[in-house]
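Geometric and topological summary
Chain by chain, the residues:
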Amino acid sequence: MAASAALLRQCPLLLPQDREGMAYEGFVTAQGRDFHIRILLPMDFQLKNARIECSWHLKKILHGYRHILKQRLHSCPDLVSFMVELKSVLEIALKNTQDLHVPRPPEYYSCLVRDLEILGWNKVSYVDTGLATVKLKAEDSCGRQHLITLKLNAKYPTEPPDCLVDFPVQFAVSWMPQVNCPQNSLIDIYNQFLAALESLKQFWDAMDEIDGKTWVLEPENPTRGATTRRIAIGNNVSVNIEVDPRHPNMLPECYFLGADHVVNPLRIKLNNNMHLWDPEISLLQNLKELLEIDFPSRAVIEKSDFAKDCGICYAYRLNGTTPDQVCDDPRCGQPFHQTCLYEWLQGLPSSRQSFNVIFGECPYCNKPLTLKSSMKKL
């Protein structure tokens, strides 16, 4: 109820279309204008797998911000937070769309070109024909390549540009209004960008080690802003971790996916060994020691050795998700996508449902199954 009330306050014209709160339709408002939108949540209510449909006009306005919105879907904890982010991005997009039609004074171009020359053209990755969008490239101390996109309005440099980055945290620019270009604003922004890169060095070090030394099931192609990894442990067994980008060497949030007889011992080991976590060694090494396991290595094991297809749709990846439900019978152990299994169980006359839990039988071995329509972190 609290979430529904919060959503109603943020987007009073966006209304639920079903009792489960899985479909919403209505309008999102920005700068006094209403834009039609429809949001469909998956069975597990994870925003990263949500489907967003909108009018062609809104799609056109947000075209250049799709990667930002995709990143927000992965990072926002709930629909209310995402709608706040969506409205902020829409405000920026509308402002920049309007700025394209605002004539820019000659001082704008002379000041911007001067700033770019002082900064160095070797740091410029892209400039659009209207000199309204600039992408700057940078390399952190570990050699990783990064981009910052600057959307400049007609009042630059008296007003700051909008800065878009692929970060796991918010990037807020400190800006001093400038008149007649007495100082170089772009160098100030660029230096703040470099400082932010170094502040996230340990986070990216930890994530790069995981990506390079383990089999990451999800996300398939993680962005620099992605804070979660679902790491394969064995056949139909994995652990999903949520890393704090500000404290990447601390114990992350973990929950296990797989049959109970396999994941319960792992949960016990994690709880019993939690006090052994050592912030002086890498996150991956800590996980190995606490769980007393070796993760499948890319060097010696093929992904096909443990990445099994769903037993219902016969596909491994469905709408970006991999099988995350497993039959608990050790003799069966068949994996399923949660969506596939939920729909299968709903179609059986012998199944019964209580609130968000459905009770039925495994399609393969007929062992009783219990499935929650929304997964919880354990």
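Residues numbered from 1 in each chain as written. Predicted model: local features only at pLDDT ≥ 70, side-chain atom pairs only at ≥ 80, totals over all residues. Heavy atoms only, no water.

**Examining the overall build of the protein**
- Counting secondary structure elements, the protein contains 10 helices and 17 strands.
- Sequence separation of 24 or more characterises 49% of the internal contacts of the protein that already satisfy a separation of 6 or more.
- With an accessible surface of roughly 19,600 Å², the protein has 53% of that area assigned to carbon and sulfur atoms.
- When the 40 basic and 44 acidic side-chain charges of the protein are each reduced to a single mean position, those positions are 3 Å apart. (Helix = DSSP H or I, 4+ residues; strand = E, 2+ residues; numbered from the N terminus. Contact = heavy atoms within 4.5 Å. Areas by Shrake-Rupley, 256 points an atom, 1.4 Å probe, with all protein chains shown as cover. Lys, Arg positive; Asp, Glu negative; His and termini not counted. Charge placed at Lys NZ, Arg CZ, Asp CG, Glu CD.)

**Focus: the sheet that holds strand β15 (residues 352-354)**
- An order of β15-β16-β17 is seen for the three strands of this open sheet, with the pairing classed as antiparallel. Looking at which strands have only one partner, the edges of the open sheet turn out to be β15 and β17 (368-372). In this sheet, adjacent strand axes meet at a mean angle of 25° when their direction is disregarded.
- The sheet contact formed by β15 and strand β16 (residues 357-361) spans three bridges and is antiparallel. By the bridge assignment, Q353 is partnered in β16 with I358. (Pairing = 2+ DSSP bridges. Axes fitted to C-alpha atoms, helices over the stretch in contact; angles between N-to-C directions.)

**Concerning the pattern of salt bridges**
- Under the defined criterion, the tally for this structure stands at 16 salt bridges.
- Here R144 and D140 are joined by a salt bridge, their closest N and O atoms 2.9 Å apart.
- On the basis of relative accessible area, R144 is assigned to the buried category, the value being 8%.
- A salt bridge links R229 to D211; the nearest nitrogen and oxygen atoms lie 2.7 Å apart. Placement of the pair is R229 in strand β10 (residues 228-234) and D211 in helix α7 (residues 201-213), with a sequence separation of 18 residues.
- Looking at R229, the relative accessible area reads 3%, which means it is buried.
- We classify D211 as partly exposed; its relative accessible area is 21%.
- By sharing partners, the salt bridges in this structure join D140, R144, K201, D205, D208 and R224 into a single network. (Salt bridge = Lys/Arg side-chain N within 4 Å of Asp/Glu carboxyl O. Buried < 20%, exposed > 50% of the residue type's maximum accessible area, 1.4 Å probe, protein only.)

**Digging into the nonpolar core**
- One finds L136, I148, F167, I241 and F295 to be the most contacted residues of the largest nonpolar core, which totals 51 residues.
- Here the element with the most residues in this core is helix α6 (residues 185-199); it accounts for six residues.
- The contact partners of I241, leaving out residues within four places of it in the chain, are I210, T227, T228, R229, I231, P252, E253, C254, L283 and L287.
- L14, Y24, C76 and A93 belong to the second largest nonpolar core, which has 31 residues in total. (Core = buried A, V, L, I, M, F, W, Y, C linked by side-chain atoms within 4.5 Å.)

**So, the side chain of N240**
- Mapping N240 onto the fold places it in strand β11 (residues 237-242).
- For N240, a relative accessible area of 9% corresponds to the buried category.
- Beyond its immediate sequence surroundings of up to four residues, N240 is in contact with T228, R229, R230, E253, C254 and Y255.

**A short note on the pairing of strand β5 (residues 124-127)**
- Pairing analysis gives three bridges linking β5 to strand β6 (residues 133-139), with the strands arranged antiparallel. Pairing of Y126 across the sheet is with K135, part of β6.
- In sequence, β5 turns back onto β6 through a hairpin of five residues, with L131 there showing a positive phi of about 55°.

**Looking at the sheet that holds strand β4 (residues 51-54)**
- Judged by pairing direction, the sheet is antiparallel, and its four strands sit side by side in the order β1-β2-β3-β4 without closing on themselves. A single partner strand is all that each edge strand has here, and the edge strands are β1 (14-16) and β4. Taken over all neighbouring pairs, the strand axes of this sheet differ in orientation by 25° on average, direction set aside.
- Sheet analysis places strand β3 (residues 33-40) next to β4, joined by four bridges and oriented antiparallel. Opposite I39, over in β4, you have I52 as the bridge partner.

**Let's talk about the packing of helix α8 (residues 260-273) against helix α9 (residues 283-291)**
- Following both chains from N to C, one finds α8 and α9 inclined at 110°, their axes separated by 8 Å at the closest point. Comparing their axes, α9 and α8 come out roughly perpendicular. Facing L266, K269, L270 and N273 of α8, the residues of α9 in contact are E289, L290 and L291.
- Classifying every residue of the contact of α8 with α9 by side-chain character gives four nonpolar, one polar and two charged. (Parallel < 35°, antiparallel > 145°, perpendicular 65-115°, else oblique. Nonpolar A, V, L, I, M, F, W, Y, C, P; charged D, E, K, R; others polar.)

**Quick notes on the environment of D166**
- Along the chain, D166 falls in the loop between β8 (162-165) and α6.
- Sequence separation between D166 and I148 is 18 residues; the distance between their C-alpha atoms is 7.8 Å.
- At a separation of 2.9 Å, a polar atom in the side chain of D166 contacts the main-chain amide nitrogen of R224. (Polar contact = N/O pair within 3.5 Å; in protein donor to acceptor, adjacent residues only side chain to side chain.)

**Focus: the packing of aromatic side chains**
- Summed over all chains, the structure comprises eight aromatic pairs.
- Ring centres 6.2 Å apart and planes at 80° place the aromatic pair Y108 and Y156 in the edge-to-face group. Highlighted residues: Y108 in helix α5 (residues 106-119) and Y156 in the loop between β7 (145-151) and β8, separated in sequence by 48 residues. With respect to burial, Y108 and Y156 carry one shared label: buried.
- Site record: aromatic cluster; members linked through ring pairs are F167, F171, Y190, F193 and W204.
- For the cation-ring pair, K135 lies above Y126, with the distance from its terminal atom to the ring centre recorded as 5.6 Å.
- Lying across the ring of F359, R352 places its NZ or CZ 4.3 Å from the centre. (Phe/Tyr/Trp six-rings, centres within 6.5 Å; stacked < 30°, edge-to-face > 60°. Lys NZ or Arg CZ within 6 Å of the ring centre and 35° of its normal.)

The analysis is restricted to geometry; functional conclusions fall outside its scope.
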